[in-house]
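Structural description and commentary
The primary structure of each chain is shown beneath.
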Amino acid sequence: MFKVIKDAGIRCKVNNYLKSFRVEKKFASTDVVSSADVVIIGGGIAGCNTLYQLSKRGVNAVLLERHKLTSGTTWHTAGLVWSLRPCDLEVRLLQDSRDVYSSLEKETGDYAGWINNGGMFISRSKVRTEEYMRLHTLGKAMGIPSEVLAPKDAQKLFPLLDPSVFKMALYSPQDGTIDPSMACNALVKAATKNGGKVYEDCPVIDVHYAHNILGNKEVTGVHTDKGFIKTKCVVNCGGAWGPRIARFAGIPSLPLIPFKHAYVVSDAVPEIRNCPNIRDHDVSLYIKIQGETCQIGGYENNPIILDQVPDNIQFHLYELDWDVFNVHMQSAANLCPKLGTVGIKSTVCGPESFTPDHKPLLGEDPNLFGLYHNCGYNSAGMMFSAGTAIQMAEWIISGRPHYNMFTFDIARFTQGQMSRAHWVRESSHEAYVRNYSIVFPHDEPLAGRDCSHDALHQELVEDGAVMQVRAGWERPGFYLPGEKIRVQQYDWGGTNDYPRNLDQRYEDVVKGDYTFGFSKHHDLIGKEALACRNAAAMFNMSYYGKFYLTGPDAQRVAGLAFTADLANTENKVVYSLLLNDKGGVEADLTVSILDGGSGQLHEPIFKGRGYYVVTSGFSANHACAMLRRVIQKYKLRATITDVTKQLAILSINGPDSQRILQRYTDAGLSNDAFALNTHRSIRIYKAPNSDNKTYTCRALRVSWSGELGWELHIPSSHAIQVYKSLSSAKGLTNAGWRALTSLSAEKGYHLWNSDLRTDDNPIEANLGFTCRKGGEYIGNEHVTKARTNGVTKKYAFFTLDDKVALFGQEAIYRNGEPVGYLRRGDYAYHLDCPIGIGYVNNKGSIVTKNYLQEGQYEIEVMGKRYKAKLHLKSPFDPNGQRLLGNYGNLGMDENTHEPHAGQNEKSGGVE
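Residues numbered from 1 in each chain as written. Predicted model: local features only at pLDDT ≥ 70, side-chain atom pairs only at ≥ 80, totals over all residues. Heavy atoms only, no water.

1. Let's talk about the sheet that holds strand β12 (residues 217-224)
Note the cut-off: Here, any two strands with at least 2 DSSP bridges between them count as paired. The numbering of helices and of strands both runs from the N terminus, where a helix is a DSSP run of H or I of at least 4 residues and a strand a run of E of at least 2. Inter-axis angles, ranging from 0 to 180 degrees, are taken between N-to-C directions of lines fitted to C-alpha atoms, where helices are fitted over the stretch in contact.
Taken in spatial order, the three strands line up as β11-β12-β13 in an open sheet, and their pairing is antiparallel. This sheet does not close on itself; its edge strands, each paired only once, are β11 (204-211) and β13 (227-230). Each strand of the sheet is rotated relative to its neighbour by a mean of 25 degrees, with strand direction disregarded. The pairing of β12 with β13 spans four bridges and is classified as antiparallel.

2. Things to note about the packing of aromatic side chains
So the rule is basically this: The aromatic pairing rule takes the rings of Phe, Tyr and Trp, using the six-membered ring of Trp, and pairs them if the centres are within 6.5 Å, calling planes under 30 degrees apart stacked, those over 60 edge-to-face and the rest tilted. Note on classification: 1.4 Å probe, protein chains only; a residue is buried when its accessible area is under 20% of the maximum for its type, exposed when over 50%, partly exposed between these limits. For a lysine, the NZ atom is tested; for an arginine, the CZ atom; a charge sits over a ring if that atom is within 6 Å of the ring centre and within 35 degrees of the ring normal.
In the structure shown here, the tally under the stated rule is 29 aromatic pairs. Aromatic pair Trp322 and Phe325: ring centres 5.9 Å apart, planes at 85 degrees, arrangement edge-to-face. Placement of the pair is Trp322 and Phe325 together in helix α8 (residues 322-335), with a separation of three residues, close to one helical turn. By relative accessible area, Phe325 is classed as buried at 3%. A network of ring pairs unites the aromatic residues Phe259, Tyr299, Phe354, Tyr432 and Tyr436 as a single cluster. The ring centre of Tyr209 lies 4.8 Å from the NZ or CZ of Lys217, which sits over that ring. Over the ring of Trp473 we find Lys645, and its NZ or CZ is 5.0 Å from the ring centre.

3. What to know about helix α19 (residues 737-747)
The buried fraction of α19 is high, at 11 of 11 residues. Taken as a whole, α19 has its buried residues at Trp737, Arg738, Ala739, Leu740, Thr741, Ser742, Leu743, Ser744, Ala745, Glu746 and Lys747.

4. A closer look at the packing of helix α3 (residues 88-108) against helix α9 (residues 381-398)
Filter applied, for reference: We call two directions roughly parallel when the angle between them is under 35 degrees, roughly antiparallel when it is over 145, roughly perpendicular when it lies between 65 and 115, and oblique otherwise. Only heavy atoms matter for contacts: two residues are in contact if any of them lie within 4.5 Å across the pair. Note on residue categories: nonpolar means Ala, Val, Leu, Ile, Met, Phe, Trp, Tyr, Cys or Pro, charged means Asp, Glu, Lys or Arg, and polar means any other residue, Gly included.
Between α3 and α9, the least distance of the axes is 7 Å, while the angle of their chain directions is 95 degrees. Viewed along their axes, α3 and α9 adopt a mutual orientation that is roughly perpendicular. Here Glu90, Leu93, Leu94, Asp96, Ser97, Val100 and Tyr101 of α3 come into contact with α9, specifically with Gly381, Met382, Met383, Phe384, Ser385, Ala386, Gly387, Thr388, Ile390 and Gln391. Residues belonging to the contact of α3 with α9 are distributed by class as follows: nine nonpolar, six polar and two charged.

5. Digging into the pattern of salt bridges
What counts, and what does not: Counted as salt bridges are all cases of a side-chain nitrogen of Lys or Arg within 4 Å of a carboxyl oxygen of Asp or Glu.
Taken as a whole and assessed by the stated rule, the structure comprises 49 salt bridges. Linking Asp201 and Lys68 is a salt bridge whose minimum nitrogen-to-oxygen distance equals 2.6 Å. Of this pair, Asp201 sits in the loop between β10 (197-199) and β11 while Lys68 sits in the loop between β3 (61-64) and β4 (80-81), placing them 133 residues apart in sequence. Across the salt bridge formed by Arg470 and Glu444, the nearest N and O atoms sit 3.0 Å from each other. With Arg470 in strand β22 (residues 465-470) and Glu444 in the loop between α11 (421-433) and α12 (457-462), this residue pair connects regions lying 26 residues apart in the sequence. Arg470 gets classed as partly exposed once you look at its relative accessible area, which sits at 22%. One salt-bridge network, held together by shared partners, links Asp88, Arg92, Arg757 and Asp759.

6. So, the side chain of Asp760
Condition: Throughout this description, a polar contact denotes any pair of N or O atoms lying within 3.5 Å of each other; where both atoms belong to protein, one of them has to be capable of donating a hydrogen while the other can accept it, and for residues adjacent in sequence the pair is counted only when both atoms sit in side chains.
By secondary structure assignment, the location of Asp760 is in the loop between α19 and α20 (780-789). The exposure class assigned to Asp760 is buried, which follows from its relative accessible area of 0%. Among the polar contacts made by the side chain of Asp760, one reaches the side chain of Lys793 at a distance of 2.7 Å. Engagement of the side chain of Asp760 in a polar contact is seen with the side chain of Tyr839, the distance being 3.4 Å. With sequence-adjacent residues up to four places away left out, Asp760 is seen in contact with Gly583, Gly584, Val585, Asp755, Lys793, Arg823 and Tyr839.

7. Overview of the pairing of strand β28 (residues 610-615)
The buried fraction of β28 amounts to six of the six residues, a majority that puts the element mostly inside the structure. The alternating pattern of β28 places Gly610, Tyr612 and Val614 and Tyr611, Val613 and Thr615 on opposite faces, both of which are buried. Direction of pairing for strand β25 (residues 545-550) relative to β28: antiparallel, over a ladder of five bridges. Bridging across to β28, Tyr548 finds its partner in Tyr612. Pairing geometry for strand β27 (residues 585-594) and β28, over six bridges, is antiparallel. Counterpart to Val591 in the pairing with β28 is Val613.

8. What about the side chain of Thr550?
The topology assignment puts Thr550 in strand β25. Once you skip the residues sitting within four places of it in the chain, Thr550 turns out to touch Phe606, Gly610, Ala638 and Thr639.

9. Considering the nonpolar core
Formally: Working definition of a nonpolar core: buried Ala, Val, Leu, Ile, Met, Phe, Trp, Tyr and Cys residues. They are joined through side-chain atoms within 4.5 Å.
Formed by 114 residues in total, the largest nonpolar core has its most connected members in Val38, Leu64 and Tyr101. Contact partners of Leu64, with chain neighbours within four places excluded, come to Val39, Ile40, Ile41, Gly42, Gly43, Tyr199, Cys202, Val204, Val222, Thr224 and Ile229. Within the second largest apolar cluster, 66 residues are counted, among which are Leu650, Leu661, Leu669 and Ala735.

10. Points about the state of the cysteines
Here a disulfide denotes a covalent bond joining the sulfur atom of one cysteine to the sulfur atom of another. Selection rule: A pair of sulfur atoms, both from cysteines and within 2.5 Å, is called a disulfide here.
A complete count under the given rule lists zero disulfides for this structure. Of all cysteine sulfurs in the structure, the one in Cys294 sits closest to Cys336, which takes part in no disulfide; the separation is 7.8 Å. Distance from the sulfur of Cys532, which forms no disulfide, to the nearest cysteine sulfur (Cys833) is 17 Å.

11. Overview of the environment of Asn435
Considering the arrangement of structural elements, one finds Asn435 in the loop between α11 and α12. Once the C-alpha coordinates of Asn435 and Glu218 are considered, the two residues, 217 residues apart in sequence, prove to be 36 Å apart. Ignoring sequence-local partners within four residues, the contact set of Asn435 consists of Tyr299 and His358.

12. Section: the environment of Thr799
Following the sequence through the fold, Thr799 ends up in strand β35 (residues 793-800). Remark: the alpha-carbon pair of Thr799 and Glu746, spanning 53 residues in sequence, is separated by 9.9 Å. Contacts of Thr799, omitting those with residues within four sequence positions, involve Cys833, Pro834, Ile835, Lys867, Ala868, Lys869, His871 and Pro875. A polar atom in the side chain of Thr799 sits 2.8 Å from the side chain of His871.

13. Some details on unusual backbone geometry
Although it is not a glycine, Asn378 sits at a positive phi angle of roughly 55 degrees. Among the secondary structure elements, Asn378 is positioned in the loop between β21 (371-375) and α9. Given the relative accessible area of 3%, Asn378 is considered buried. Look at Asn677: it is not a glycine, yet its phi comes out positive at around 60 degrees. Take Asn677: it is sitting in the loop between α17 (657-662) and β31 (679-685).

14. So, the sheet that holds strand β26 (residues 573-579)
An order of β26-β27-β28-β25-β29 is seen for the five strands of this open sheet, with the pairing classed as antiparallel. Taken across any chain shown, the strands that pair with only one partner, and hence form the sheet edges, are β26 and β29 (639-642). If you compare each strand with its neighbour and ignore which way they point, the axes differ by 30 degrees on average. Running over the sheet, helix α15 (residues 554-561) touches β25, β26 and β28 and is turned about 125 degrees from β25. Relative to the sheet, helix α16 (residues 620-633) contacts β25, β26, β27, β28 and β29, its axis offset from that of β29 by approximately 165 degrees.

Structure below.
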């Protein structure tokens, strides 16, 4: 059994010990500076790293701390720094953090507390081993060394391990630990040497902002009890107090919840000196080595949520609740039996902030220009903040970071999500509980569901839809015909006296994707995909973001923001990109040119030319924020109106789509009457050959599946009637997003934030055709440079003969050498093979067509390599004949369908 020492004197000594690591210079000025380029609020590790990076770049930056540096949550953090994570962005950020921490001593002359003792992940199950092999493979592709160890070999590195309780271990020699007080000391010393200023005991009273001539809010200054600082940029590094700082600035809520998080410090165990740190994910346990003692902690199923953390506490600890924490003691004793016999020197239980998706909150707030967030690190602030501070500095100075930071960007959350306190609370609880759970590619959360519905939600559930959630929106993942499986209210895992849901069918369905092989629903999804390829399928795409861009300067905004040529394109639907100043792709979208209409939702009345913009619902809030930044930066008179809720989208795709849709409309649908990539207002009959009511909608002849098809953009008030009419059509199959994303990968269409991101240039991504060669759209010079000079990475497709599941993050080998990793993987049901999409590198040299085609390729999946064939374009319908309705191999084309009204009419049909 553990011997627990509860001596209050020891707790006091621990507290005083950590307090003793103070910055040498005391910041006791009676007054603050009158102005600054940037004001950072919060003196924890995030604030200190941000000050360090900004001052290093010559920015006049000021850090304000209401008490003492590190007195919030930083001082009591364990300080573990790992190397391997399930996504490439986090691996890069961790690498940057290690570089910063390991170089501080040389820069400042003071030891910064960095210890490179390595780290080890422990696996107790086959599926956990598969997850670690994915990490091992991604590490190879990104140059991060790791070693797969048998239990006995792992025991040689960590003698206390019991090799009989686990299957394998993954050892990463670059892992380590960082002392929080020493690190902050070194960071601030370097920052002040570069001109940065720090004010302790300087609480912020208010963050001032004003409305500019366009009606947008801008930061104007910070009010402290030591004076007013005029500034146009504030960085919220408040950690668990971050939401309070946001409220000072008029932002009503941030998706961040404080929890009690704890670890204990053991008595001395000489055998563990210089041993690697341990993560035993299967029992949510970590062990940090600190000399001859270790810190033991983890993530329990019944954590204690704090309603708020008081303003007046510093270097604060709570009493440890052993009923909650003891599960980690038992897990540690099971893994390392000797730890069950040593004493506990002290306990550390403090507040930590957690977010709904277990990712930090970074970037400029979409509702207040000049307010940046850098908080919500989910107990990983020491690990990430040095790397993210580099991106934050670049973000503030140049407008956008170098890396693709979308998964950390505050704009990933919608106002609808953040305004629901129960959504934030539930989702953050689940994120805490599942922190060490296996990250499956198609897992779905159980908490925070039903945040946003489209008008068709209930009808689709009644027809068998199994829902996914993206950006708070429920959308159909796939269908189980004859079933009605509803997402249940979150039951908190049955903890804290909450009863478990009686209906657990949705949980059971989700568990069908708890695999790194093919899903339990693989064949079902395949039937939906092939129904689209061989007949017709209907997809509900209502969660897509839908905006009207109007106003006197709308054309100027469109010319700056969109890469495509929008001149002389009446009734056209144009695929375009939205780039940042570095030429990175911030969004891909379709733009329909409008000249006003009848006053209905799908054709509003406005003066001058307007634009109907449609983009992925997953990133719609981000895309809208980027457009608003263009308007703000160039001081243009334009308005963006969000009509996502007001319009539903039904997409009908497949060889039979024209024949089926024609029975419900009198509009001509032939290539002559309704050309590809055009739009028009059409009437939809409630039922064919009847005198019942008709409904108008905007039809776009576009398709994300690569088939003949139309999107119907319908006022939500009429969506159910139109859906019921169309769903009664013989030969039309309901299909979900799992099938649609497979179809799009097979066709070779891009998926933003996956194989198309903010760190990709359009030329690298084979999207040069979307960028006009004339005009001064944002990022144009970087596209022109890439066209002229070539690029050092290039987009490519890979197909495998072996039937192995691909999800993305698998390593790409060329002639036996790693040259990248897959960004996206799926199964191409029509081609009947796995398909992967990624970028091929050439060690910094230009990637040419010959370089791509002359190599022999392999894809490594969980440590095993499979022969792969590279394609410059997807092998599925490379000439796009199916989009035109030319299905010669099926014995039909767009002129062989049965005659119908408007078949041979020109644009306008019989309307």
